[in-house]
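A look at the structure
This is what each chain is made of:
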Amino acid sequence: MRSTLRAQSMGVCSIRYFHGATVWQRGKAKVKYIPKRERIAARGQLQKIDDLSETSTTSELLSNKKGQRGFAPQEVWPQDDKIDAKFARQQRHLSLEEFREDRGVRRRCANFGIDTATFEKWSSEFIRDAQSEKLEKLKAENLVPKLKREGRGALEIFVNNQFFAYLAENAPETVKNIGYLRKISDMRYPHEWMPDVRKIPRKIIMHVGPTNSGKTYHALQRLQGAKNGVYCSPLRLLAFEVYQRMNKAGIACNLMTGEDRRGPNYEDGVVKPTGYSILGTAVTGVVSCTIEMAPLKRCQVAVIDEIQMIGDKHRGWAWTVALLNLPASELHLCGEESAVPIVKRICATLDEEVEVRTYGRLGALRTSEKSLEYDWKRIQPGDCVVTFSRQNIYNIKYTIESQTGMRCAVIYGGLPPEARVEQARLFNEEGTGYDVLVASDAVGMGINLAIKRVVFTSLNKFDGGGLQPISVSQTRQIGGRAGRFGSGSEIGEVTTMAPHDLKLLAQSMDKQPPMITAAGLKPTVEAIETFSHQFPSVPFSQLWPMFRDIATMDDEYFLCSFSDQEDIAEVIEDLPLTVRDRYQFLYAPINMRDEIVASCVRKYAEYVAYGRKCRVGMVARLPGSLPTTRESLKIFEQWHRAISLFLWLSFQFPESFVEVEEAFELKVQCERMILDGLAVIKGKPVEKAKKVNYDFRFGDKIEEVVDTSASLAEEDASDRKEQYKQRIDKILDQTA
């Protein structure tokens, strides 16, 4: 039986919390189960009662337009120090119960040859043994690190995987060729995937410390002195910054990102090539690239930045690949101290030693004794106001500008990198008229910013299923941007808008981030090809979760999230593409929540599948007028991502995506229109709102007053579940 929890003080409706989904029936103690497909399409988003505004009061939350009583839940995931064995047991119970009812699990089991009766028998045995702590990896205390690392939704996939491990040990006859299937999906020894690299002696040096400690600077100094090498960045912005820095220093450096390739400008005489090829073309010694594009070629020095992202559940695989396979005589790793243990454990399997160099912060950083108490007039020049709702960025900008007379630049993840660079320039340089920066958590990495004080509007972030406190690592990284060395401020300061957030902020800034316990991996294209041959009649989109279900992992590694890959695979399912071509699309920079991008993915894949040539003008059409509202700006941002995807694909499929210069010109035109639009788009005043949050494990009221930005999804406050499902279905219907 699934647990039904009641918000005790409401008495009007009941919740049933499925892992990653919350279901409400207004006015009655009745629960509706959302099928797996819908929950995947919803991205775990909470259902909303009506259309909540950003200034909703408690009474508005508790009633809808028809006067009915209801409640829109915002489940708050606990802080890491609250995630213990008791909490892990509760989450395990919920995940096991959902596993039993999950139609997707039953469908995949059928693909493996497991009939309904066999599933019922062995799933019951599996759940019984897991609940009684007989399965080592599903013991509550062993699940705690996983819940801390991956947060909401961590156990759903893990439980499925452990079920097949249970079958392999206790009932191998239930799955045909289970031994061979687990062999080809064995991910325990990634260091053996490139044996030639193991023959190269490598010196590994870790530069660790907080934000603004100079750790990356010291590693780059070594790169500048090397004959050849590579810098691996988490962001295109950082790769471009290092590319410029190297060439200004007279060091010939190439830029290599997913959608861009550039060489040095030899004409100005500052840079000279390190030599010439037999064809007479100039040769450069250094490459600055994004981490996913790291060239696995022999070099003297390699620098991997933000090494702690090796534990990221979406992109961690790229750092793992670079750590294991970069054939550099010296490998410099820069990042948080939290990555030291996992790097040492991985390198021990390679018989490589790790030298750790620790750095202290350059310049003092302090937490304010008082919050701003929602008084926007207390915003000062040099402040960076951080919100975790993109929708609220423009409202905060409008409020600050109208109440203080200061102009605000804005930075958030949806903006093109070029637009972020320009907004950063406006904020950094004197005389531009821009005194304040309003930003999302995208400000935590990237461009140098002359921030004197960081002001958090909230310490909770919507994670796709509800509110989750931002991690200690995120808090310290964003807060550490204040008082950056060379910014003109000797002491950096961090504070909050809400008084009740200030204590938590102080605690987070004083803590060290928890140690990273595992590194991310993704399956190789060869593994997916071999696996697909075993199931010729199974749709490719179902192969990904099947591979994930049966894969074997070592304790040092975890399989990165497949959710985006499953969505992309479904959209291009019926096209006559090879497994390798599908694999390229699945790991392209695609956000399937963007309607424009999702439709372009289908069109781009058709050109590859049918061997036709594609020019960007055949797919991309920019609106004719400047964006003057947030909604129109989002359209331009999506078109920019669609054009960037065209450029990315042009390097993977050069025979299909042609006339690339036209795409670059359209991309630049889009960036200019976005920048012009940013100057005129307005928001609306920000108001403090009262909202009631409940801990849904116990039905207890835990917080009464919150900033409105904390309770909004990253994109907007409307219910995107049905919109997303309709977009996917529309794309599929067009191909029927």
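Computed from a prediction, not measured in an experiment: that's the story for all the values here. (Residues numbered from 1 in each chain as written. Predicted model: local features only at pLDDT ≥ 70, side-chain atom pairs only at ≥ 80, totals over all residues. Heavy atoms only, no water.)

1. Quick look at the nonpolar core
- Core analysis: the largest hydrophobic core is formed by 162 residues, its most contacted members being Phe112, Phe126, Ile304, Phe531 and Tyr604.
- Excluding anything up to four places from it in sequence, Ile304 contacts Cys232, Ile291, Trp319, Ala322, Leu323, Leu326, Leu331, His332, Leu333 and Cys334.
- With 26 residues, the next largest nonpolar core counts Val386, Ala424, Ile478 and Ala482 among its residues. (Core = buried A, V, L, I, M, F, W, Y, C linked by side-chain atoms within 4.5 Å. Buried < 20%, exposed > 50% of the residue type's maximum accessible area, 1.4 Å probe, protein only. Contact = heavy atoms within 4.5 Å.)

2. Topic: the environment of Tyr374
- Checked against the element boundaries, Tyr374 lands in the loop between strand E14 (364-367) and strand E15 (383-386).
- It is 6.3 Å that separates the C-alpha atoms of Tyr374 and Ala498, two residues lying 124 residues apart in sequence. (Helix = DSSP H or I, 4+ residues; strand = E, 2+ residues; numbered from the N terminus.)

3. Re helix H18 (residues 540-550)
- A large share of H18 lies buried, amounting to eleven of its eleven residues.
- All buried positions along H18 are accounted for by Phe540, Ser541, Gln542, Leu543, Trp544, Pro545, Met546, Phe547, Arg548, Asp549 and Ile550.

4. Brief notes about the pattern of salt bridges
- If you walk through the whole model with that rule in mind, you get 35 salt bridges.
- Glu292 is the partner of Arg315 in a salt bridge, and the nearest nitrogen-oxygen pair spans 2.8 Å. One end of the pair, Arg315, is in the loop between strand E11 (299-304) and helix H11 (316-325); the other, Glu292, is in the loop between strand E10 (286-290) and E11, and 23 residues separate them in sequence.
- Judged by relative accessible area, which is 24%, Arg315 ranks as partly exposed.
- Its salt-bridge partner being Glu566, residue Arg548 comes within 2.8 Å of it at the nearest N-O pair. Linking Arg548 in helix H18 with Glu566 in helix H19 (residues 563-571), this pair joins segments that are 18 residues apart in sequence.
- Arg548 gets classed as buried once you look at its relative accessible area, which sits at 11%. (Salt bridge = Lys/Arg side-chain N within 4 Å of Asp/Glu carboxyl O.)

5. Let's talk about helix H9 (residues 215-224)
- Here H9 has its buried residues at Lys215, Thr216, Ala219, Leu220 and Leu223. Projected onto a plane normal to the axis of H9, the buried residues spread over an arc of 120° and lie on a single side.
- Tucked into the core, H9 has its buried residues touching strand E4 (203-208), strand E5 (229-233), helix H10 (236-248), E10, E11 and strand E12 (328-335). (Arc of directions from axis to C-beta.)

6. Quick notes on the sheet that holds E4
- Judged by pairing direction, the sheet is mixed, and its eight strands sit side by side in the order E7-E6-E10-E5-E11-E12-E4-E13 without closing on themselves. Where the open sheet ends on each side, the last strands, each with one partner, are strand E7 (261-262) and strand E13 (354-358).
- The sheet contact formed by strand E6 (residues 253-256) and E7 spans two bridges and is antiparallel. Looking at E7, one finds that Met256 is bridged to Arg261.
- Docked against the sheet, helix H12 (residues 340-349) engages E4, E12 and E13, running at close to 165° with respect to E13. (Pairing = 2+ DSSP bridges. Axes fitted to C-alpha atoms, helices over the stretch in contact; angles between N-to-C directions.)

7. A few points about the state of the cysteines
- Applying the stated rule across the entire model yields zero disulfides.
- There is no disulfide at Cys253, and the cysteine sulfur nearest it, in Cys289, is 9.2 Å away.
- Cys600 takes part in no disulfide bond, and the closest cysteine sulfur to it belongs to Cys614, at a distance of 9.1 Å.
- Take Cys600: its relative accessible area is 1%, and that puts it in the buried class. (Disulfide = S-S within 2.5 Å.)

8. Here's the deal with the packing of aromatic side chains
- Considering all chains together, one arrives at 25 aromatic pairs under this definition.
- Ring centres 6.0 Å apart and planes at 80° place the aromatic pair Phe540 and Trp544 in the edge-to-face group. Of this pair, Phe540 and Trp544 are both found in helix H18, four residues apart, which corresponds to roughly one turn of the helix.
- We classify Phe540 as buried; its relative accessible area is 7%.
- A network of ring pairs unites the aromatic residues Phe99, Phe112, Phe119, Trp122, Phe126, Phe163, Phe164, Tyr166, Phe531, Phe535 and Phe547 as a single cluster.
- Cation over ring: Lys522 sits above Tyr587, and NZ or CZ is 4.0 Å from the ring centre.
- Its end group placed over the ring of Tyr607, Arg612 keeps NZ or CZ at 5.3 Å from the ring centre. (Phe/Tyr/Trp six-rings, centres within 6.5 Å; stacked < 30°, edge-to-face > 60°. Lys NZ or Arg CZ within 6 Å of the ring centre and 35° of its normal.)

9. Observations regarding the sheet that holds strand E16 (residues 407-411)
- With parallel pairing, the six strands of this open sheet are ordered in space as E14-E21-E18-E15-E17-E16. The open sheet terminates on both sides in strands that have one partner only, identified here as E14 and E16. When the angles between neighbouring strand axes are averaged without regard to direction, this sheet yields 20°.
- As judged from the five bridges shared by E16 and strand E17 (residues 434-439), these two strands associate in the parallel manner. Paired with Cys408 across the bridge in E17 is Val436.
- Here helix H14 (residues 417-428) sits on the sheet and contacts E15, E16 and E17; the angle it forms with E16, its principal contact strand, is near 150°.

10. Examining the packing of helix H21 (residues 595-609) against helix H22 (residues 630-652)
- Following both chains from N to C, one finds H21 and H22 inclined at 25°, their axes separated by 8 Å at the closest point. Judged on the interaxial angle alone, H22 and H21 are roughly parallel. Seen from above, H21 lies across H22 with right-handed handedness. Contacts from Glu595, Ile596, Val597, Cys600, Val601 and Tyr604 in H21 reach Ile635, Gln638, Trp639, Arg641, Ala642, Leu645, Phe646 and Leu649 in H22.
- Taken together, the residues that form the contact of H21 with H22 break down as eleven nonpolar, one polar and two charged. (Parallel < 35°, antiparallel > 145°, perpendicular 65-115°, else oblique. Left-handed = near helix turned anticlockwise from the far one by under 90°. Nonpolar A, V, L, I, M, F, W, Y, C, P; charged D, E, K, R; others polar.)

11. Comments concerning unusual backbone geometry
- Even without glycine at this site, Glu133 takes up a positive phi of about 65°.
- Tracing the chain through its elements places Glu133 in the loop between helix H5 (116-131) and helix H6 (140-150).
- By relative accessible area, Glu133 is classed as partly exposed at 24%.

12. Focus: the confidence of the model for the protein
- The predicted model of the protein has a mean per-residue pLDDT of 83, with 82% of residues at 70 or higher.
- Per-element averaging of pLDDT across the protein places helix H2 (residues 58-61) at the bottom with 29 and E4 at the top with 98.
- Under a pLDDT of 50 for its full length, residues 1-74 has, in the predicted model, 188 contacts with residues more than four places off or in other chains.
- Every residue in residues 689-721 is under pLDDT 50, and counting partners more than four places away or in other chains gives 118 contacts. (pLDDT = per-residue confidence, 0-100.)

13. What to know about the pairing of E12
- Across the eight residues of E12, seven count as buried, placing the element largely inside the fold.
- In this fold, the crossover linking E11 to E12 by way of H11 has right-handed handedness. (Right-handed = clockwise from strand over helix to strand, strands pointing away.)

14. Side note on the pairing of E16
- Burial runs high along E16: four of the five residues are buried.
- For the crossover from E16 across H14 to E17, the handedness is right-handed.

15. A closer look at the environment of Ser329
- Here Ser329 shows up in strand E12.
- In this structure, the C-alpha to C-alpha distance between Ser329 and Ile204, residues 125 residues apart in sequence, is 8.5 Å.
- Sequence-distant contacts of Ser329, that is, excluding residues within four places in its chain, are made with Pro201, Arg202, Lys203, Arg298, Cys299 and Gln300.

16. What about the side chain of Arg481?
- Within the fold, Arg481 resides in the loop between helix H15 (472-479) and strand E21 (491-496).
- In this structure Arg481 is buried but unpaired, with Glu306 as the nearest side chain of opposite charge at 7.2 Å.
- Polar side-chain contacts of Arg481 include one of 2.3 Å to the backbone oxygen of Ile447.
- Beyond its immediate stretch of four places on either side in the chain, Arg481 contacts Thr211, Val443, Gly444, Met445, Gly446, Ile447, Asn448, Leu449 and Ile451. (Lys, Arg positive; Asp, Glu negative; His and termini not counted. Polar contact = N/O pair within 3.5 Å; in protein donor to acceptor, adjacent residues only side chain to side chain.)

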